[in-house]
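Architecture at a glance
Take a look at the letters that make up each chain.
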2 protein chains.
Amino acid sequence: MELLLGLGLGLGRAGGLRAGERSSSALEELATEQEAEESHRQDSVSLLTFILLLTLTILTIWLFKHRRVRFLHETGLAMIYGLIVGVILRYGTPSTSGHDKPFSCSQENRLFTTLLINVSGKFFEYTLKGEISPGKIHNVEQNDMLRKVTFDPEVFFNILLPPIIFHAGYSLKKRHFFRNLGSILAYAFLGTAVSCFIIGNLMYGVVKLMKLVGQLSDKFYYTDCLLFGAIISATDPVTVLAIFNELHADVDLYALLFGESVLNDAVAIVLSSSIVAYQPTGENTHAFDAAAFFKSVGVFLGIFSGSFMMGAVTGVVTALVTKFTKLHCFPLLETALFFLMSWSTFLLAEACGFTGVVAVLFCGITQAHYTYNNLSVESRSRTKQLFEVLHFLAENFIFSYMGLALFTFQKHIFSPIFIIGAFIAIFLGRAAHIYPLSFLLNLGRRHKISWNFQHMMMFAGLRGAMAFALAIRDTATYSHQMMFSTTLLIVFFTVWVVGGGTTPMLSWLNIRVGVDPDQDPPPSNDSFQVLQGDGPDSERRNRTKQESAWLFRLWYSFDHNYLKPILTHSGPPLTTTLPSWCGLIARCLTSPQVYDNQEQLREEDSDFILNDGDLAVTYGDTTITANGSSGSHTVTTSLDGRRTKSSSEEALEHDLGTGDHEVTSRGTRLVFPLEDNA
Amino acid sequence: MELLLGLGLGLGRAGGLRAGERSSSALEELATEQEAEESHRQDSVSLLTFILLLTLTILTIWLFKHRRVRFLHETGLAMIYGLIVGVILRYGTPSTSGHDKPFSCSQENRLFTTLLINVSGKFFEYTLKGEISPGKIHNVEQNDMLRKVTFDPEVFFNILLPPIIFHAGYSLKKRHFFRNLGSILAYAFLGTAVSCFIIGNLMYGVVKLMKLVGQLSDKFYYTDCLLFGAIISATDPVTVLAIFNELHADVDLYALLFGESVLNDAVAIVLSSSIVAYQPTGENTHAFDAAAFFKSVGVFLGIFSGSFMMGAVTGVVTALVTKFTKLHCFPLLETALFFLMSWSTFLLAEACGFTGVVAVLFCGITQAHYTYNNLSVESRSRTKQLFEVLHFLAENFIFSYMGLALFTFQKHIFSPIFIIGAFIAIFLGRAAHIYPLSFLLNLGRRHKISWNFQHMMMFAGLRGAMAFALAIRDTATYSHQMMFSTTLLIVFFTVWVVGGGTTPMLSWLNIRVGVDPDQDPPPSNDSFQVLQGDGPDSERRNRTKQESAWLFRLWYSFDHNYLKPILTHSGPPLTTTLPSWCGLIARCLTSPQVYDNQEQLREEDSDFILNDGDLAVTYGDTTITANGSSGSHTVTTSLDGRRTKSSSEEALEHDLGTGDHEVTSRGTRLVFPLEDNA
């Protein structure tokens, strides 16, 4: 029944439509019927509880936003309400066991997924729900209400996480994300791996210690410790990011944090899958085995790249469909198609044995990068709003469920040593990847990641929905139960304490706030402010600018010259970028609008001027720097040799920046539209 | 597994996270694990099939709309694609039975909802799925893929129908709906009851005939026939209404058809529940029993009024919450709250034993009538668009499932006599309520329902999603299987043939199209057109105008004077409508905006003019008729005694018409804003 509940509807027969069964042994069936009805009613009640919780959360958030209270985020609030309801359910409801006492039946060796039970001549069909460890059989008979509010953990992966993750991918702030792509990838991949490994090893030490002092009552393997490392390495700084968004904090820091958290969720999922896949052959199943290790690495690479491909492919298909049909005349159809295609990514990945959630993330990014440009104005807002609502509901649902789970989950194992050890381990694990990695990245970055930024990233290592979902996925054994309880406490602590301390931390670290995301560095000092005192802004400003690795620049010019023109209505016409022998294909693939855009641009040639601020961004390290005279947008582009050479780089900056501006590079001439912040 | 599939996600472990179970008897568990994974994969594939079907439908609809093809509606198209896939699944996939052969186990008298099976020392939990009639046990072992694409029928009632029905309620064209409320209620309640009874009796005759010629191989009771009558009385002219909408056909006819179809869905659900509830006591369980009959009537009234109350109450609560908080500053929160509250209606009704779908309908109407006025502009479009997308997806999903079910449903019983009889019966059943009821209604209506309108209503008696959902809800017995197969054929026929014939029918019956819904009759002939030939328009125009029964007028003034001011920001201030001793409460409940509106209205007093077209609407049967001089909107309201008297009636018309116009009646003076079609 948890499953039904999890799916939000508790299937059953409330209206009663069982006419056909009336004919014989009516009384007996009536009892079954009533039981099913009762169960359906209870499901509805439990789900209603969650909906009321969410409603309450929404109203309180409104009150908080209204009064500008920032120390508690909506997710933290949802957890608190969940906790309260959990306490009430736990201690306030009578234990109604016995009424549904299960019937035991022995069977020989084989396990079936479907059972037929013959009850006095009538056949009933049963389906397999899962194994119960022998010690836990009495649990089945426990408090009905507590069972009702317990979900099948797969609900999180199949219903609640996909919209959250898709929304994250779909709303990545593109310019700043791509600018910092190298660093983000490093933090997400290397960082998560380092963090996982360090936490895993530290926890193995803790487990050894527990065994020494006799606090460990069951098995706890090294792979379990590594799994814990993977689970707890999924950061989710939703609280911090919400405050960043509200205060318009530094956009590069935002991009680093958001990008890292989005990608490291994907890495953590796949990492935990590959750790589970690590199964040494032979007798000693928990010793190191090179073959099994490489198999795990292979699983990691396979699942990750497969999921990535799935997501990218469905995104590309959606882009092509929206480009070559005129669906944009019918926003409803367009939105429905967009939704279905994005959902099919998930199913496709799951059907192929990859990870749906990861595929959905990359699908979201692809949709935002290509498909979004093809959508009608109405569909853009529709899709954004649709996924925003789904994301909001799903996220708050998970967090309120977490609050509830602290009291209603029936297999908690709280071990003080393990919990303290875990807190220390996650602190060390995060420190051990943020600082060294930032140091290494700063060697290559033109705009260094400042110490204050590193401290903020260290601080913003909150754990949230993903860690919880990974931890609750398997709570069958002693070690997993202990891991789950500990994860829950870590999420609570980080969301409440760390999340609540974000605003003071921002001002303490002198992170600038009030930044206009479309324009940096700002033309004058009055467009932004530092919370307390105004530190050496100009210095930091210069240090945190974009990095463009050669690999990325290569990808960018490919994307800009070929992918964008093929998949969207923007970019240069393929007839100019493709070799001449591809003429026919190029003409077919290039959308007529591109020529229109180009025509338009040519006519307005004389008006093109460049914003000084933008010049400073693009040539932060060259001789051409803006003199900072605010409000003057009159530096005309007298295209000298230096500039013409770096035209693709300039186009990069602009194209990433604002989707509305069409930047076209034809041959050696570069055309810039007027910046709109005049 | 059908259930899982139905919920769209097929829960399982694709990534594999079952570390805890590795420890012992690994091989055996690996097999179970793999089976679960395989099952999850198959679920994903089946769901993917549906999504691809819907995607294909969307693209084809686009093509049809693009080329202005009107003979086939999107739902008809979805069915065709469903049919094709059904054929492929049925005849194209190998029958993979045996691999999941169920295990049988005898048990004494009592039935359990949970089973524990001991398989060589390990315990597995199974849950009850339902009874299988003894003759059908071999079905369980049939084609896996066919089983995969078969849903739990409750999915329709708990997931797919609620958004469809809510959307119907939320998008009722208010003015024309309320104008024709009396007739709509008569068609929906009396009409459906008459139709159900007539069809039921005719079908009983058909069944008797079948028994006579030896075509009936199992029991078929009178109550089964009545149930069929109830199921098939739920009309769903979605195809016709879509064409009406596109061609802007006569708004009153649209209101009659749409209102009838929306309400009669609710009536049909409750009616079928009460027929099932009819269980005579004593030996002869299928003879007439007065006590059981009155119990059924009681059940009908109880469920209907209970569901109505639930819907209205949650709607009112939402209205109050959105009125007294300033949630409209945060459209995301507002939309989420709106969605959650509307969903909670469904759960609340189900939890209390009422019918969720019916509650959702009335909740939708209440939300549209009150809450909608309190929402921010962004939330209005967000909520409309959200439910529009959900409705679109759910509807096309159901119709494509219908197409699929014709071939994949494994218990079809097609009986030619029954099918022909059913077609004749539904024709007679509809004729027997449309024409007599229209005659009776015309006695009371000021604006008669013309013969052509009656013919169109007769013609538009399509069957759709609701009839299908009711029929598939219980297919356990012979009679129900036959009813299901017949319903499916009736839906196909009506959607394709009748739906496709709508445009010719409209022109044949001279129904006017190209009508501006906000303004009727139009000021001049050039703003609308009749498809072929221009019949006696003015006559028909006068005949089809509003009726306002005294009961409805009573309700209206109560709603306008008390409910609207309490629940929304519009209407007259309560301080003027409530008796003076309620002063304090009135002041608390009246929103400050009402005074603002009023202030504004008073200042503009001198400008208020009435549109001649509107006068003609309101006083269609009085001496004040417009002279039809198009474009002249200069007939000023010199309020004479006659008009002042009927002020609430005028306010009614206007208020229902356009939500933007605030109409306030203070004492005996009436203030009209300028019509916006000037």
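Worth saying up front: this structure is predicted, and the values here are computed from it rather than measured.

Side note on the overall build of chain A
Within chain A, the secondary structure is distributed over 27 helices and nine strands. In chain A, the share of contacts with a sequence separation of at least 24, taken over all contacts with a separation of at least 6, comes to 78%. Accessible surface, chain A as shown: approximately 25800 Å² in total, 62% of it carbon and sulfur.

Quick word on the packing of helix 8 (residues 222-232) of chain B against helix 18 (residues 478-500) of chain B
All names here are of chain B. Contact geometry of helix 8 with helix 18 gives a least axis separation of 11 Å together with a crossing angle of 25°. When the axis of helix 8 is compared with that of helix 18, the two are roughly parallel. The two elements helix 8 and helix 18 meet at a crossing, and its hand is right-handed. Contacts between helix 8 and helix 18 involve Asp224, Leu227, Phe228, Ile231 and Ile232 from the first element and Ser479, His480, Met483, Thr486, Thr487 and Ile490 from the second.

With respect to the packing of aromatic side chains
Applying the stated rule across the entire model yields 62 aromatic pairs over all chains. On the basis of an interplanar angle of 25° and a centroid distance of 5.6 Å, the ring pair of Phe166 of chain A and Tyr170 of chain A is categorised as stacked. Placement of both Phe166 of chain A and Tyr170 of chain A in helix 5 (residues 154-170) is noted, with a separation of four residues, approximately one turn of the helix. Accessibility classification places Phe166 of chain A together with Tyr170 of chain A in one group, the buried group. Taken together, a centroid distance of 6.4 Å and an interplanar angle of 40° make the contact between Phe244 of chain A and Tyr254 of chain A tilted. Here Tyr254 of chain A lies in helix 10 (residues 251-277) and Phe244 of chain A lies in helix 9 (residues 238-247), a separation of 10 residues in the sequence. With a relative accessible area of 1%, Phe244 of chain A lands in the buried category. Sitting above the plane of the Tyr372 of chain A ring, Arg380 of chain A keeps its charged end 5.1 Å from the centroid. Above the plane of the ring of Phe157 of chain B lies Arg473 of chain B, whose end atom (NZ or CZ) is 3.8 Å from the centre.

Quick notes on helix 17 (residues 465-472) of chain A
All names here are of chain A. The buried fraction of helix 17 is high, at eight of eight residues. Looking at helix 17, one finds that the buried residues are Ala465, Met466, Ala467, Phe468, Ala469, Leu470, Ala471 and Ile472. Of the surrounding secondary structure, the elements contacted by the buried residues of helix 17 are helix 5, helix 8 (222-232), helix 10, helix 13 (356-374), helix 14 (377-408) and helix 18 (478-500).

A short note on a nonpolar patch on the surface
Residue and element names in this part refer to chain A. Where nonpolar side chains cluster on the molecular surface, the patch consists of Leu202, Ile420, Ile424, Phe427 and Leu428 and spans about 470 Å² of accessible area. Sorting elements by how many residues they give to the nonpolar patch places helix 15 (residues 416-444) first, with four residues. On the secondary structure map, Leu202 appears in helix 7 (residues 181-212). The class of Leu202 is partly exposed, set by a relative accessible area of 33%.

What about the nonpolar core?
Counting residues in each nonpolar core, the largest one holds 304 residues, and the members touching the most others are Phe418 of chain A together with Phe418 of chain B. Not counting the four nearest positions on each side in its chain, Phe418 of chain A is found in contact with Met203, Val206, Val207, Met210, Phe220, Phe228, Met482, Met483 and Thr486 of chain A.

Points about unusual backbone geometry
You will see that Asn510 of chain A, though not glycine, has its phi angle at about 55°, which is positive. Looking at where Asn510 of chain A falls in the secondary structure, it is placed in the loop between helix 19 (502-508) and strand 4 (512-513).

Re the confidence of the model for chain A
Residue and element names in this part refer to chain A. Summary statistics for chain A give a mean pLDDT of 73 and a share of 67% for residues scoring 70 or more. Counted against residues more than four places away or in other chains, residues 520-547, with its pLDDT under 50, gives 67 contacts. Here residues 599-678 is modelled with pLDDT under 50, and outside its nearest four sequence neighbours on either side it reaches 120 contacts, counting other chains as well. In the predicted complex, the global pTM is 0.77; the interface-specific ipTM is 0.76.

Points about the packing of helix 14 (residues 377-408) of chain B against helix 18 of chain B
Residue and element names in this part refer to chain B. At a closest axis distance of 10 Å, the pairing of helix 14 and helix 18 adopts a crossing angle of 125°. The orientation of helix 14 with respect to helix 18, classified from their angle, is oblique. The handedness of the crossing between helix 14 and helix 18 comes out as left-handed. Contacts between helix 14 and helix 18 involve Phe399, Met402, Gly403, Ala405 and Leu406 on the former and, on the latter, Leu488, Leu489, Val491, Phe492 and Val495. Considered class by class, the residues forming the contact of helix 14 with helix 18 number nine nonpolar, one polar and no charged.

Parameters at a glance
- Residue positions are given per chain, counted from 1 along the sequence in the order it is written.
- Both sets of labels track the order of writing: A upward for chains, 1 upward for ligands.
- Since the coordinates come from a predicted model, pLDDT governs what is reported: local features require at least 70, and pairs of side-chain atoms require 80 or more to be given and counted, while whole-chain, interface and lining totals use all residues.
- Here the side-chain values reflect all heavy atoms present in the structure, with hydrogen atoms and water set aside.
- Helix and strand definitions follow DSSP, with helices as H or I runs of at least four residues and strands as E runs of at least two, each counted in order from the N terminus.
- Working rule for contacts: check all heavy atoms of both residues, and any pair within 4.5 Å makes them a contact.
- A 1.4 Å probe and the Shrake-Rupley method give the accessible areas. Residues count as covered only by the protein chains that appear here.
- Axis definition: a line fit to C-alpha positions, over the contact stretch in the case of helices; interaxial angles, taken between N-to-C directions, run 0 to 180 degrees.
- These descriptions rest on fixed angle ranges, namely under 35 degrees for roughly parallel, over 145 for roughly antiparallel, 65 to 115 for roughly perpendicular, and the rest for oblique.
- Throughout, a crossing is termed right-handed when the near helix is turned clockwise from the far one, and left-handed when it is turned anticlockwise from it by less than a right angle.
- For Phe, Tyr and Trp, rings pair up if their centres lie within 6.5 Å, where Trp contributes its six-membered ring, and each pair is then called stacked (planes under 30 degrees apart), edge-to-face (over 60) or tilted (otherwise).
- Categorising residues by exposure relies on relative accessible area from a 1.4 Å probe, with only protein chains included: less than 20% of the type maximum marks a residue as buried, more than 50% marks it as exposed, and the intermediate range marks it as partly exposed.
- Comment: the charge-over-ring label is applied if NZ (Lys) or CZ (Arg) is within 6 Å of the ring centre and within 35 degrees of the ring normal.
- Two distance rules govern patches: like charges are joined within 9 Å, and nonpolar side chains (Val, Leu, Ile, Met, Phe, Trp, Tyr) within 5 Å, applied only to residues with over 30% relative accessible area and no salt bridge.
- Salt bridges are defined by distance alone: a side-chain nitrogen of Lys or Arg within 4 Å of a carboxyl oxygen of Asp or Glu.
- As used in this record, nonpolar core signifies buried Ala, Val, Leu, Ile, Met, Phe, Trp, Tyr and Cys residues forming a set joined through side-chain atoms within 4.5 Å.
- pLDDT is a per-residue confidence score from the predictor, ranging from 0 to 100.
- Under the scheme applied here, ten amino acids are nonpolar (Ala, Val, Leu, Ile, Met, Phe, Trp, Tyr, Cys and Pro), four are charged (Asp, Glu, Lys and Arg), and all others, including Gly, are polar.

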